[in-house]
Each structure stands twice: as structure tokens, then as C-alpha cells.
Amino acid sequence: MEQTSPIYLSKEEFLSVQKRKIGYGKDGVTFRYNRQEIIKIYHKNLENIMLSLTATEKDSVKIYEKGNYDERVFDVLTAYIYNEESDERLKLPSKNAIKLAIEKQKRITKTRLPKNLVYVEKIFAGCLIDYQKGIQIHKLKGLPFSLKRQITLEILKIVRELIENNIYHVDLDNSPYSSKSVFIHSNGTKELVGHSHILVDYRLHPHLIDLEGKSTIYTQRKDELYEHECLFRLMNLIFDFLFDIDIDGLYNIDFEKEALEFELEKAGVDDKHIAIVSEYNSSIDEIEDFVKTLNIRRSL
């Protein structure tokens, strides 16, 4: 197991790191730390860091600009974990949540969890994460159906391992802020892009990202509520990726279930599967069986 002593950045080191900003989202800002790792600093913590640093050098420090975040209000403390030992719920993002992720990594082989705590001038800032390479999964919906099935089955194996270790990714479907997600290129130009929480590498192996903050919940014991939420998001991803069904669009329709069944039928899914998956009550085993045995009546 790698050394997990926290990373402490000085003011000078942080000012250097913040020049290598990669992007930002609901929870925080990501910076390139080195060739293999990135640092994610949460919005609320970044504001505290800014106040601390600008207290000594008002003119030379300019780190956090609210205008960069489309003036959205980021509620970064709505998710939590349950700590069995202390019988308390720990809000995310938190130091204890990241510590629990580091501990759970010992049993996780298919996913890279947050690997360290990061401080700036002794202020808790965020976490250290492995840099993942790949194409966001929503950009690969044009692949042949056989390859999309292959990728989906791998995702199911990854999610299964996480659930078995009481880790629940509740942001598997595409981000509701996809039209406003920003990627910053090496030359400094900004690109408005969609945002997926799964990257697919050149070998077509999927990798989950955003395994902290509001996107992932860690518990000491099984939690059926979060498992259901995780599988609900997983089903949305499958409907979107395999069949190009606009799930967000269906949410605005009064008869959501009937609309989903219609879209699945239009996509060529067998009636026996439609009746089951449209209920959103399937277990991970049932979802896997659905993907494996799926026969479509037309070419996708």
C-alpha cells in the first residue's frame, strides 16, 4: 500500500499548481499535480484558502472567481457517509470520507479511489486522484451495439465490486449540467462539453471517475437506499448509452414509465425485458442478465 501521509502545499506551491487548472464542476476545481496525478480542491475549501492567502498579499493572489462557475450555487454538503463506529453521518466532501476511501482501496481492484488528503497552508483543501485518460462515454454512443454491450458489461463488473464494498457511485448517468461543463485545454482555451463520469480508454476499457464529493458515498455497512440510487443511475446510463434514449427529456413527461417503455420498444428491446427494467427495481444481477441476454429486433 502506498504511503498516504497528507500532502501539504505551501502558498508558493499552490500558486504554481493553480496555473495548471484542468476544469471545474459541481464540487470543485481540478488541477494537474504531476503527469500521473491531479488535485481536486472543493469550492468551499477554495474560498477559505483564497481568504487566507489574500489576507497577506491582496494584489498578487487571484485564485477563485465565482464568475467561472456560471453563477450556480454549489451545495457541496448534501451527501454523507455513515460511520458505524461513531454512529454519525459524515458530510461530503470531508477528510474522513477520503480516509475511508483510502482504506477501502485495499480491497478494490477495478477502480482508483481518492488516494490522499491535500492541504494548502494547513487548510484542508481536497484530495489527490490518479489522472485517468480516456474518452467520455457519452461521446461513444455511435459505436456498434456489440462494442457498447462489451463496455457496459465491464461497467457492471466495476459497479458490482464497489457495491460489494459498500461504495455507491450515485452519478453514473450523464451530468445534468452537461451543457455547461467546461474543459480547459493545454493552450488555455475553454470548451463547453458534455460530462460523463465514465471514461473509456483506447482498449475500450471503462474507468469510473468522480469517486468523491457528491458523486460517491462510502459506508461501513450495506445501505439499500444508496444501492438503489446507484442502480437507478446505472440504468439511466444503460438506456442512454445502449439505446440513445434521452432520460432527462422523459423526466418532463407526466407518464414517464409509459414513455420509457415506448422508447425501449422503439429501440427494439424485447417485451419481456421492457416490463422488468422499466420498473427500476432490478438488482445488479438482473441488470447484468438483461445486458447479456438482450436481443434487439433491429440493428443499433
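Everything numeric here is computed off the predicted structure, so don't read it as measured data.

Novice: Can you break down the pairing of strand S7 (residues 116-120) residue by residue, with the values?
Specialist: Among the five residues of S7, five are classified as buried, and the element is accordingly described as predominantly covered. The two faces of S7 match: Asn116, Val118 and Val120 on one face and Leu117 and Tyr119 on the other face are all buried. Looking at chain direction, strand S1 (residues 7-9) and S7 are connected through three bridges and run parallel. In the sheet register, isoleucine 7 faces S7, and the bridge partner there is valine 118. Where S7 meets strand S8 (residues 123-130), five bridges bridge the pair, whose relative direction is antiparallel. Counted as the bridge partner of tyrosine 119 is phenylalanine 124 from S8. Hairpin connection from S7 to S8: two residues lie between these consecutive antiparallel strands, with glutamate 121 at a positive phi of about 50°.

Novice: Talk me through the nonpolar core; I want residue IDs and the actual numbers.
Specialist: Leu234, Phe239, Phe243 and Leu264 are the most contacted members of the largest nonpolar core, which totals 53 residues. No other element matches helix H5 (residues 224-243), which puts 11 residues into this core. Core analysis: the next-biggest nonpolar cluster, separate from the first, contains 16 residues, Ile7, Tyr24, Leu46 and Ile49 among them.

Novice: Give me the lowdown on the environment of arginine 221, citing residues and values where you can.
Specialist: As for its placement among the helices and strands, arginine 221 is situated in the loop between strand S15 (216-218) and H5. Spatially, the C-alpha atoms of arginine 221 and asparagine 165 are 8.2 Å apart, while their sequence positions differ by 56 residues.

Reading guide: rules and limits
Residues numbered from 1 in each chain as written. Predicted model: local features only at pLDDT ≥ 70, side-chain atom pairs only at ≥ 80, totals over all residues. Heavy atoms only, no water. Buried < 20%, exposed > 50% of the residue type's maximum accessible area, 1.4 Å probe, protein only. Helix = DSSP H or I, 4+ residues; strand = E, 2+ residues; numbered from the N terminus. Pairing = 2+ DSSP bridges. Core = buried A, V, L, I, M, F, W, Y, C linked by side-chain atoms within 4.5 Å.

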